[in-house]
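# A look at the structure
Here are the chains, one letter per residue:
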Amino acid sequence: MDRDYVYSMCGMCATRCPIKVETKNGMATWIEGNPHVAGIEGALCAKGSAGLSLEYDHERPQSPLIREGARGEGKWKKATWDEALDYIAERINKIKAEHGAKAIALADRGGLFTDLTKTFIKALGSPNYLDHDDTCAKNVNMAIQSVFGYGRGDMGYDFANCKYLVLFGRNVFESLQVKEVNNILDGMEKGCKITYIDVRATVTASKSHRFLRIRPGTDYAMILALMNVIIKERLYDVEFVNRYFQDFADLESFVIKYTPEWAEKETGIPAFEIMNVAREAAAAKPQAIFHGGWMLSRYIDSFYASRGLYLLNALMGNIEVKGGLIIGKGAKDAGKKGLRSLSEGIPEPQDKIFDATLPGKSLGTGHVVNLYKVIKTGQPYPIKALFAYRYDPMASLPDPDEQKKVLDNLDLLVSIDVNYSETGWYSDVILPEATYLERSNIICIQKGQKPAFFMRRQAMKPRYDSKPGWEIFTLLAHRLGAGQYFPWKSIEEIWNYQLEPTGYKIEDFDEKGFVTLCKDPILMPRDAIKFTTPSGKIEFKSEKIAKVGGQPLAEYKTPKKPEEGTYRLVFGRSGVHTHAQTQNNIYLNEILPENHLWINDKEAEKLGIKNGDKVEVSTDGYSGVIKAFVTPHIHPEAVFMYHGFGSEIPLKTRSFGKGLRDTRFQKGLLETVDPVGGGVAYLEAMVRVKKA
Ligand SMILES: Nc1nc2c(c(=O)[nH]1)N[C@H]1C(S)=C(S)[C@@H](COP(=O)(O)OP(=O)(O)OC[C@H]3O[C@@H](n4cnc5c(=O)[nH]c(N)nc54)[C@H](O)[C@@H]3O)O[C@H]1N2
Ligand SMILES: Nc1nc2c(c(=O)[nH]1)N[C@H]1C(S)=C(S)[C@@H](COP(=O)(O)OP(=O)(O)OC[C@H]3O[C@@H](n4cnc5c(=O)[nH]c(N)nc54)[C@H](O)[C@@H]3O)O[C@H]1N2
Ligand code: SF4
Ligand SMILES: [Mo]
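What counts, and where the lines are drawn
- Residues numbered from 1 in each chain as written.
- Chains lettered and ligands numbered in written order.
- Predicted model: local features only at pLDDT ≥ 70, side-chain atom pairs only at ≥ 80, totals over all residues.
- Heavy atoms only, no water.
- Helix = DSSP H or I, 4+ residues; strand = E, 2+ residues; numbered from the N terminus.
- Rg over C-alpha atoms; globule rule 2.2 N^0.38 Å.
- Buried < 20%, exposed > 50% of the residue type's maximum accessible area, 1.4 Å probe, protein only.
- Contact = heavy atoms within 4.5 Å.
- Areas by Shrake-Rupley, 256 points an atom, 1.4 Å probe, with all protein chains shown as cover.
- Lys, Arg positive; Asp, Glu negative; His and termini not counted.
- Charge placed at Lys NZ, Arg CZ, Asp CG, Glu CD.
- Near = heavy atom within 4 Å.
- Nonpolar A, V, L, I, M, F, W, Y, C, P; charged D, E, K, R; others polar.
- 1 Å grid on protein atoms, 1.4 Å probe; cavity = no way out; pocket = protein on both sides within 12 Å on 5 of 7 lines; lining within 4 Å.
- Points joined across faces, edges and corners; volume = space filled by probe spheres on them.
- Domains from an automatic or database assignment.
- Core = buried A, V, L, I, M, F, W, Y, C linked by side-chain atoms within 4.5 Å.
- Salt bridge = Lys/Arg side-chain N within 4 Å of Asp/Glu carboxyl O.
- Expected span 1.5 Å × (residues − 1).
- Pairing = 2+ DSSP bridges.

### Quick notes on the overall build of the protein
Assigned secondary structure in the protein consists of 23 helices and 25 strands. Taken over the C-alpha trace, the protein has a radius of gyration of 25 Å; the compact-globule value for 692 residues is 26 Å, and the two agree within 12%. Projecting the C-alpha coordinates of the protein onto the three principal axes gives extents of approximately 70 × 65 × 55 Å. Burial statistics for the protein: of 692 residues in total, 61% are counted as buried. Once local pairs closer than 6 in sequence are excluded, the contacts in the protein between residues at least 24 apart make up 73%. As displayed, the protein has an accessible area near 26,400 Å², and 50% of this comes from carbon and sulfur atoms. Counting 91 positive and 87 negative side-chain charges, the protein places the centres of these two groups 1 Å from one another.

### Here we look at the site of ligand 3
Every residue close to ligand 3 is listed here: C10, M12, C13, T15, R16, C17, L44, C45, K47, G48 and V178. Of the residues belonging to the shell around ligand 3, the class tally is seven nonpolar, two polar and two charged.

### Observations regarding the layout of surface pockets
Rolled over the atoms, a probe as big as a water molecule pinpoints where empty space is left. Space inside the second largest pocket adds up to approximately 360 Å³. In this structure, the second largest pocket is lined by 20 residues; those nearest its centre are I300, D301, Y304, E555 and K557. When its residues are assigned to classes, the lining of the second largest pocket shows nine nonpolar, five polar and six charged. Per-domain counts for the lining of the second largest pocket show at least three residues from each of domain 3 (151-327 + 524-547) and domain 4 (566-691).

### Observations concerning helix α5 (residues 138-148)
By the criterion of burial, α5 is predominantly enclosed, with 10 of the 11 residues buried. Taken as a whole, α5 has its buried residues at K138, N139, V140, N141, M142, A143, I144, S146, V147 and F148. Against β8 (155-157), α13 (302-316), β13 (325-327) and α20 (543-547) lie the buried residues of α5. Once α5 ends, the next one or two residues include G149, with phi positive near 95°.

### Some thoughts on the nonpolar core
In this structure, F148, L251 and L315 are the most contacted members of the largest nonpolar core, which totals 209 residues. The element that contributes the greatest number of residues to this core is helix α8 (residues 219-232), accounting for 11 residues. Setting aside residues up to four positions removed in sequence, F148 forms contacts with M155, Y310, A314, I319, L325, F531, T532, T533 and I538. In terms of nonpolar packing, the next biggest core, distinct from the first, is built from 17 residues, A604, V617, A628 and V689 among them.

### Points about the pattern of salt bridges
Evaluated as defined, the whole model comprises 43 salt bridges. One salt bridge in this structure joins K122 and E348, with 3.1 Å as the shortest N-O distance. Placement of K122 in helix α4 (residues 114-123) and of E348 in the loop between β13 and α14 (368-377) is noted, with a sequence separation of 226 residues between them. The salt bridge involving E344 is made with R340; its shortest N-O contact spans 3.9 Å.

### Quick notes on helix α6 (residues 178-189)
With 12 residues, α6 should cover 16 Å at 1.5 Å per step; its first-to-last C-alpha distance of 17 Å lies within 8% of that length. Residues of α6 that are buried: V178, E180, V181, I184 and G187. Where α6 is buried, its residues meet β9 (164-168) and β10 (193-198). Looking one or two residues past α6, G191 carries a phi angle of roughly 105°, positive in sign.

### Brief notes about the pairing of strand β15 (residues 412-417)
The buried fraction of β15 is high, at six of six residues. Residues of β15 alternate between two faces, with L412, V414 and I416 on one and L413, S415 and D417 on the opposite face, all of them buried. Summarising the sheet, strand β14 (residues 385-389) and β15 pair through five bridges and their orientation is parallel. Within the sheet, the bridge partner assigned to F387 lies in β15 and is V414. Bridge count for β15 against strand β16 (residues 429-432) is four bridges, and the pairing is parallel. Within β16, the position partnered with I416 by the bridge is L431.

So, to be careful, I would describe these as geometric facts and stop short of saying anything about function.
As structure tokens, then:
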């Protein structure tokens, strides 16, 4: 029997953990975490293990498909790659002739491999590349940039050495990343204390030393009060603040009125608990972390909550120290040359990205939410073709019905996916990408204290008529008049090109699947930390925020209270599913086949609902039935369901129609965003509940 293994990267969620894949007679038989990577050491999460069940599932697209019926009707014609690519090329060329290259947009999941997709869209002459960030961490990303200059991905947390960790709705043990979980567990073994704040008790709540149940949408009040205590009692790192803060006095005078007693009334969290958290964190500083949030409660003012959290970190003086926030180091910091970009030498597109000129815009550009506005209105210019690559906006933005209406303005919608996604089901062409076990990707860099280049390597041949992303984009580019920018015949050619300036060779990845660019962790000297804000300092006041009509921190506003009989619809992840993409996975479907509605026990009693009863959840124009999970451990104003259920795709027989889809209840919220940060305000949805 022919047994073998390769080092690669998981593809079951966007974290892309390093893995080792074993094969027998050329078929993947076992996956585990890459034993050579610190913090991974063989470990994998449930979804990562279920990669084999994605691989051997037949309920995924097996060849290119071209739509035959109306959009969304589910009538497909099986096509060869030539037919499908020619079909796309014909339409794109027509759109280009009529509206220019800028009428083509590409949206993908973002992350480590985007050099390929960004190169493709640039090669076509369009500036319109978008990622999913509006729907994920846009507010957090904009907040951290406004305080330190660095983006969210450029600053990591040293959990393993942290002594005090505060998590606002950051459900680290379920909404998980393997390395992060292991580092937090290491920290806990060394005595780290965790305070967790959520509207409901999660697995993270059960593992924390203190769980505080907060009123939905009031985190910002608690954050202001924490700053109030820390500043009033002079618990902050005075030396750090004096050296690096641009305008500390302004922050001090802003938070003076936001006392813990005031915050208690907003949040329902006792003032003494808020004072305890502030004092305990300060006693552990600089090894104290206030996690900046991720989904950080997507309310209409979440940008300020997140900004407050980063200011709290600055008060702890925890930047570039053990157990604090570490600025990610790249190849240059390690004295090495970086990977050569595939887009080197491609001229910049003539036009500006569509939302650079929109009025009333929030921080940043490349907003998918604005993309919908542009497709709908044709302003500032028409967008007529959309490639959704490893991205499913119909499952991840609010209000799929409204989205369908908008997407009907497109002349071409292409989904490049390993599954039938909700977007794919509504598209004109589905191009099946080879699964992550069946393909190699371009080499990527993982920034950090010890930056490294990683490689995803094919473990087995594709089981169906699918192709790797690099080949799909290469074939498309050749049909779209951009072939000169995609000269590649194999992934090895691409790797050699990328590695050329670095001095590394493909063989250097054989032993462990990655190459580390330095021996020792890199930290900036304590007295010479470089912040990349306009002033080079930590900024409370920010010109960029002022430009979009925001303030350094806004005055606190009490969130809307749900009307009698209605509840705020809160959602989140389970540890065993990825967004809306794994509910049909044989293994994972068996563990969690449907979602339930969490409801507070006293509220349930009022409505005559018992645990396990079927309940009807409704909003204007939509309703559905699921089982109730009655618990005292959720705030009475909120009900909760796991995201990603209620698939509308009949070909996915295990998940079709199972559970409810949270996005369907987020009616009318497609254009509701945090006005400063730009994040989608999903949590502004209210629903009615009654016994079914
Ligand atoms: N209502 C509601 N909306 C949400 C959320 C929520 O909790 N509730 N969560 C939000 C968050 S945090 C995020 S990050 C977004 C995520 O939203 P998306 O980025 O859209 O979701 P993903 O599930 O990461 O991936 C999208 C698609 O990638 C496909 N895919 C997976 N692997 C591959 C591959 O190897 N190749 C290709 N080509 N495709 C692949 C999947 O099948 C899926 O269709 O959703 C956001 N939207
Ligand atoms: N298993 C698994 N892990 C994942 C993912 C996945 O799909 N599956 N996705 C990854 C991605 S893309 C992301 S963005 C992260 C998301 O990571 P998190 O943001 O940690 O995850 P969520 O589960 O979306 O939301 C966390 C919690 O916010 C709570 N919450 C809601 N409203 C409030 C509020 O007003 N205040 C407070 N304090 N809490 C509130 C919810 O009850 C929920 O428990 O997870 C990542 N990890
Ligand atoms: S967190 Fe789990 S699913 Fe995501 S990449 Fe890592 S092992 Fe894979
Ligand atoms: Mo996310």
